[in-house]
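# A closer look at the structure
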Amino acid sequence: MHTETERKFLVNDMSFIGEAVQANHIIQGYIAHGHGRSVRVRISDDNAYLTIKGPSPEMISRLEWEMPIPLQDAKDLLKLHISSIVEKTRYIIPTANGRKFEVDVFHGDNEGLVVAEIELGSPDEPFEKPLWLGEEVTMDKRYKNTYLAACPYKNW
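Residues numbered from 1 in each chain as written. Predicted model: local features only at pLDDT ≥ 70, side-chain atom pairs only at ≥ 80, totals over all residues. Heavy atoms only, no water.

All right, on to unusual backbone geometry then. Residue His35 is not a glycine yet carries a positive backbone phi of 55°. Along the chain, the position of His35 falls in the loop between strand E2 (22-34) and strand E3 (37-44). The phi torsion at Asp45 lies on the positive side, around 55°, for a residue other than glycine. Tracing the backbone through its elements, the reader meets Asp45 in the loop between E3 and strand E4 (47-53). (Helix = DSSP H or I, 4+ residues; strand = E, 2+ residues; numbered from the N terminus.)

Printed below as a string of structure tokens:
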């Protein structure tokens, strides 16, 4: 298990696509969540994962456990989802300091939302902000995928 430290931002424009080195179609569903914890099933192209995340009191760092699982198991587990399925295309944009931005362009009930996140070694680690990076929303729970599954962007 490791500690995940992420900062999350809105995206000003789609110019990041020209910098992307990879794009993956993702569908994910939550089979349990509450008290800041979640159990998620994700299918990314032909790969599948089961992820358990712990609470994040400061909303930046939290414990995360993730394991690859067979694709058919993930499809079966997705049938147990307790809220909407989250669907998105994730673009990977490398940074000069060896980190990467993951930019999610949401589809379905969250169409129109584009969010970038960067995983850091610590909450105060400096990083270069590209021009397409907008307002920071790390502390706004509405931009967490668990919230988007329960309260889709189209209903805001």
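Turning next to the side chain of Ser83. Note that Ser83 resides in the loop between helix H1 (71-78) and strand E6 (86-94). With a relative accessible area of 14%, Ser83 lands in the buried category. In contact with Ser83, other than residues within four places in its own chain, are Tyr30, His33, Ala149 and Ala150. (Buried < 20%, exposed > 50% of the residue type's maximum accessible area, 1.4 Å probe, protein only. Contact = heavy atoms within 4.5 Å.)

Turning to the pattern of salt bridges, a few remarks are in order. Within the structure shown, the criterion is met by 14 salt bridges. Across the pair Arg40 and Glu66 runs a salt bridge, and its minimum N-O distance is 3.2 Å. Here the residue Arg40 occupies a position in strand E3, and Glu66 occupies one in strand E5 (residues 61-69), the gap between them amounting to 26 residues. Here the salt bridges do not stand alone but share partners, grouping Lys88, Arg90, Lys100, Glu102 and Asp104 into one network. (Salt bridge = Lys/Arg side-chain N within 4 Å of Asp/Glu carboxyl O.)

The next thing to look at is a nonpolar patch on the surface. Together, Met1, Ile52, Leu63, Trp65 and Met67 make up an exposed nonpolar region whose accessible area comes to about 500 Å². Here the element with the most residues in the nonpolar patch is E5; it accounts for 3 residues. Take Met1: it is sitting in the segment before strand E1 (2-11). (Patch = residues over 30% accessible without salt bridge, like charges linked within 9 Å, V, L, I, M, F, W, Y side chains within 5 Å. Areas by Shrake-Rupley, 256 points an atom, 1.4 Å probe, with all protein chains shown as cover.)

Moving on: the nonpolar core. Formed by 15 residues in total, the largest nonpolar core has its most connected members in Phe16, Phe101, Val103 and Trp132. Ignoring sequence-local partners within four residues, the contact set of Trp132 consists of Leu10, Val11, Asn12, Asp13, Ser15, Phe16, Glu19, Ile93, Phe101, Val103 and Ala116. Core analysis: the next-biggest nonpolar cluster, separate from the first, contains 9 residues, Val86, Val137, Leu148 and Ala149 among them. (Core = buried A, V, L, I, M, F, W, Y, C linked by side-chain atoms within 4.5 Å.)

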